[in-house]
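Architecture and fold: a report
Residue-level listing of the chains:
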Amino acid sequence: MYKSFFPNPKPFFTSVVLWTAVAVAVWYGAGEEIGAWLGFPPASPDTPPPLGLGHFTTPQFVWFYLYYVAVVGLFAGFWFTVSPHRWQLWSILGSAVIIFSTYFSVQVSVAINNWRRPFFDAVQNALSGNSTTTVDDLYALILVFAQIAFLWVAVYVATRFFVSHFVFRWRTAMNHYYMSRWPEVRTIEGAAQRVQEDTMRFATIMEDLGVSVVDSVMTLFAFLPVLFELSSHVVELPFVGTIPAPLFNAAIFWSLFGTVLLGVAGIKLPGLNFRNQRVEAAYRKELVYGEDDAGRAQPMTVADLFDHVRVNYFRLYFHYAYFNVFRGMYLQADNIFAYLILIPTIAAGKITFGLLQQILTAFSQVSNSFQYLVNSWTTIIELLSIQKRLAAFEAAFEGRELAAIDREYLPGRAAAGD
């Protein structure tokens, strides 16, 4: 799955984590000083954020673009030299392009959030008895939004197009690797399904799930500072009182609570989905053999195999039932949580309507990013089950020991490759 596309996967991904940590530490520790020395001074704390497309052309952003290119160039140059790989342009530079474009899309969301405050304040002023807001003011703000929105559409379309090609290259790399071992692979039960169907499904899920992971991380980097700054406008939290950075801390607490809750509630689902694929494959294979051999797919054998299918599905239904109870309750509570913690501030009249919209949007962005596991759990479960099958498949033809779950006996079939 990984060594077909990435150079020397274990040290490669370890170096990704370490290099990313170093790059982030340097950026947040000395990035402003280095940028100022190079002629890209930071904005004054009292300077309001620019509206519209000017958000992306400030000296800070230009400095970030240069810094990112330098960091990626050093990392890619190292791996191109140390461990050349057929797919290195796509796996290394392609990943960097996806990360950057996703970050840029998140910054578009930040720009829209900056727009919300003046627009909704203008709306509030227009609805008041002594309005000073003109029609031209509102049209001008709508035009600013349109500029940002068209930019978002362009970046979104380009990113999805590139990601589709990136993931198909990954599938191509897996396909080439498996087919290069076909004399060994073909003897493993379910080989054709692993090479065609599972690589296809792996690529399809990674296309959506992988971008979502990057988007969630980039959103946190972009919106956590915004939420921290907006916390200065919130007086206190219900039942808690006055605490430092109340919005920031409330978002982290609520999101981690949901992640842990759903993680515990759904802990058995990946294994059950994996077993489900195995019992379905055993049942399907016996029926296929029965098409050509009258001695196969006998009623007793088929009934026994289908009974395994039924038992596993009923287990899935049971575990998904209580998982969905917890998930549904949490998601419904999440709809009003931000309003709940803002009740004292709203009642005290400490914020304007525009600021309220800005806070709600920033809180929602941070909360949804932390709740990635909550929102994507069923897809993650499917990906884990596919990964388990491909890992078992690779272990079978590479001569490695299978995981315990793959050594379980299933009537009517060998456990090795399916």
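Rules used throughout
- Residue numbering note: each chain is counted from 1, following its sequence as written.
- At least 70 in pLDDT is required for a residue's local features to be given in this predicted model, at least 80 for side-chain atom pairs to be given and counted, and no such filter applies to totals for whole chains, interfaces and linings, which use all residues.
- For the side-chain quantities, the full set of heavy atoms in the structure was used; hydrogens and water were omitted.
- For this analysis, a nonpolar core means a set of buried residues of the types Ala, Val, Leu, Ile, Met, Phe, Trp, Tyr and Cys, connected via side-chain atoms within 4.5 Å.
- When accessible area is computed with a 1.4 Å probe and restricted to protein chains, residues below 20% of their type maximum are described as buried, those above 50% as exposed, and intermediate ones as partly exposed.
- Here a strand is any run of E in DSSP of at least two residues, a helix any run of H or I of at least four, and the numbering for each starts at the N terminus.
- Any two residues having at least one pair of non-hydrogen atoms within 4.5 Å are treated as being in contact.
- UniProt positions are given in the numbering used here, feature names are shortened, and annotations may be inferred rather than shown by experiment.
- Any Phe, Tyr or Trp ring, taking Trp's six-membered ring, that has another such ring centre within 6.5 Å forms a pair; planes under 30 degrees apart are called stacked, those over 60 apart edge-to-face, and the others tilted.
- For this analysis, a polar contact is any N or O atom pair within 3.5 Å, provided that within protein one partner can donate a hydrogen and the other can accept it, and provided that sequence-adjacent residues contribute only side-chain to side-chain pairs.

This part is about the nonpolar core. In terms of nonpolar packing, the biggest core is built from 44 residues, with F223, L247, I341, L342, I359 and F363 touching the most fellow members. If you tally residues by element for this core, the top one is helix α6 (residues 191-230), at nine residues. Excluding anything up to four places from it in sequence, I341 contacts E236, L237, P238, L247, A250 and F363. Residues I92, I98, V163 and V211 belong to the second largest nonpolar core, which totals 28 residues.

Attention now moves to the UniProt feature "transmembrane region" (unreviewed entry) in the chain. Sites flagged by UniProt as "transmembrane region" (unreviewed entry) map to residues 12-30, 62-82, 89-112, 138-163, 209-228, 248-269 and 336-356. Spanning residues 209-228, this segment combines 100% helix with 0% strand, and its end C-alpha atoms are found 28 Å apart. Between the C-alpha atoms that bound residues 336-356 the distance is 14 Å, and the span itself is 76% helix and 0% strand.

Applying the stated criterion across every chain, the model contains 44 aromatic pairs. On the numbers, 6.0 Å between centres and 40 degrees between planes, the contact of Y313 with Y317 is tilted. Of this pair, Y313 and Y317 both sit in helix α9 (residues 299-347), separated by four residues, roughly a single helical turn. You can call Y313 partly exposed: its relative accessible area is 25%.

Let us now look at the side chain of T133. With respect to the helices and strands, the residue T133 is situated in the loop between α3 (88-127) and α4 (135-180). Reaching out from T133, the side chain makes a polar contact with the backbone oxygen of A122 at a distance of 3.2 Å. Looking at T133, its side chain comes within polar contact range of the side chain of N125, at 2.9 Å. Dropping the residues within four chain positions of it, T133 is found in contact with A122, N125, A126 and L138.

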